[in-house]
Amino acid sequence: MNDDVRNIVLGVMATGVSASLGWLARTCLWRRRLRRKQAFFGLPDHSESLLVVNRNVGGPELAVMRHDVFALLELSALIKDCHAHVQVVAHDAARQGFGERTEFCLGGPASNRRMAAHLSSLLPGVRVNVDAEGGPDIGALRVGGRDYRMEGGRSEYVLLARLTAGEPRQARPVFLFCGQRAITNQAATRYLAREHERLARKYRGGSFVLLLRVVNSQAYGPDVVELVADVTGPARTPAPEATSAGAP
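Residues numbered from 1 in each chain as written. Predicted model: local features only at pLDDT ≥ 70, side-chain atom pairs only at ≥ 80, totals over all residues. Heavy atoms only, no water.

**Comments concerning the overall build of the protein chain**
Reasoning step 1: Per the secondary structure count, the protein chain includes 7 helices and 10 strands.
Reasoning step 2: Classification of the 248 residues of the protein chain by burial places 43% in the buried group.
Reasoning step 3: Taking the intrachain contacts of the protein chain between residues at least 6 apart in sequence as the baseline, contacts between residues at least 24 apart amount to 67%.
Reasoning step 4: Looking at the protein chain as shown, the accessible area adds up to about 13200 Å², and 55% of this sits on carbon and sulfur atoms. (Helix = DSSP H or I, 4+ residues; strand = E, 2+ residues; numbered from the N terminus. Buried < 20%, exposed > 50% of the residue type's maximum accessible area, 1.4 Å probe, protein only. Contact = heavy atoms within 4.5 Å. Areas by Shrake-Rupley, 256 points an atom, 1.4 Å probe, with all protein chains shown as cover.)

**As for the pairing of strand β3 (residues 102–106)**
Reasoning step 1: The buried fraction of β3 amounts to 5 of the 5 residues, a majority that puts the element mostly inside the structure.
Reasoning step 2: Covered by surrounding structure in β3 are Thr102, Phe104 and Leu106 together with Glu103 and Cys105, the residues of both alternating faces.
Reasoning step 3: Alignment of strand β1 (residues 48–53) against β3, held across 4 bridges, turns out to be parallel. What sits directly across from Leu50, in β3, is Glu103.
Reasoning step 4: Of the pairings in the sheet, the one linking β3 to strand β8 (residues 174–179) comprises 4 bridges and is parallel in character. Looking at the pairing, Glu103 lines up with Val174 of β8. (Pairing = 2+ DSSP bridges.)

**A look at helix α4 (residues 182–203)**
Reasoning step 1: Taking 1.5 Å per residue as the helical rise, α4 with its 22 residues ought to reach 32 Å, whereas the 27 Å between its terminal C-alpha atoms falls clearly short.
Reasoning step 2: At Glu195, α4 is deflected by roughly 70°, the largest bend along its length.
Reasoning step 3: In the segment just after α4, Arg204 is the residue with positive phi, at about 50°. (Expected span 1.5 Å × (residues − 1). Bend = angle between axes of the 7 residues up to and from the residue.)

**Quick look at the sheet that holds β8**
Reasoning step 1: Spatial ordering of the open sheet is given by β2-β1-β3-β8-β7-β9-β10, a layout of 7 strands whose pairing is mixed. Looking along the sheet, the strands with just one partner apiece sit at the ends: β2 (85–90) and β10 (225–230). Taking each pair of neighbouring strands and ignoring which way they run, the sheet shows an average axis angle of 20°.
Reasoning step 2: Bridging between strand β9 (residues 208–215) and β10 involves 5 bridges; their strand directions are antiparallel. Paired with Leu210 across the bridge in β10 is Asp230.
Reasoning step 3: Packed on one face of the sheet, helix α2 (residues 66–81) meets β1, β2, β3 and β8 and runs near 175° to β1. (Axes fitted to C-alpha atoms, helices over the stretch in contact; angles between N-to-C directions.)

**Considering the sheet that holds strand β5 (residues 141–143)**
Reasoning step 1: Pairing is antiparallel in the open sheet, where 3 strands are placed in the order β4-β5-β6. Looking along the sheet, the strands with just one partner apiece sit at the ends: β4 (126–128) and β6 (146–148). Pairs of neighbouring strands in the sheet enclose a mean axial angle of 20°, with direction left out of account.
Reasoning step 2: In this structure, β5 lies alongside β6, joined through 3 bridges in antiparallel fashion. Its bridge partner being in β6, Leu141 is matched across the sheet by Tyr148.

**Topic: the packing of α2 against α4**
Reasoning step 1: Here α2 crosses α4 at 20°, and the two axes come no closer than 7 Å. The orientation of α2 with respect to α4, classified from their angle, is roughly parallel. For the pair α2 and α4, the crossing hand works out as left-handed. Of the residues in α4, those in contact with His67, Asp68, Phe70, Ala71, Glu74, Leu75 and Leu78 of α2 are Ala182, Ile183, Asn185, Gln186, Thr189, Arg190 and Ala193.
Reasoning step 2: Grouping the amino acids of the contact of α2 with α4 by side-chain chemistry returns 7 nonpolar, 4 polar and 3 charged. (Parallel < 35°, antiparallel > 145°, perpendicular 65-115°, else oblique. Left-handed = near helix turned anticlockwise from the far one by under 90°. Nonpolar A, V, L, I, M, F, W, Y, C, P; charged D, E, K, R; others polar.)

So, to be careful, I would describe these as geometric facts and stop short of saying anything about function.
See below:
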């Protein structure tokens, strides 16, 4: 074998080794990111999860708003990426506690009874005005003694929460998307899909409650979202009126 042939063979071998090492590195990185994503969402391989759907306020029991359907599709894609399974359940048909299966609960307490139960038991510091004759205060969120009123199509708010019971590494989380309108629920699911890696690093698999503002949805849809504040503490602390008068 002359020098030219030997150099060609060595070059081919070096290229093959480099390609194999690159493939292995990419595979390891992909698997690492997948495991982190699965840990954040509480969705190991072949695990089960729940999508709890709401209904159109004032409409038939199973009528779901268009933007809520889009939100469910985005959540379904996240679950599929984690190699997990999902069961879609109506809000009034979910009869179980939390911690055994990851749950994604969508919609405000006026359209979702399970959301109302979660707010009462898990986030006693949150109040939502569900009075149909509430005027400008309808749908207003109250957290930490401050009201966040909706300006339809211009400025709307949604709570995005990840909550666990007991040890964070053992219990499956429940994710809440409690918005003033259906489009804000979709905005929160899109924000979660985009920011889950950063949220996982910041909160290390623990609970959090974020208040988000959807900006000018009539022009930008669910795409422009601002983080208003981390309200984990106030949201999980019983409001003074609830402490004195009892939970609603």
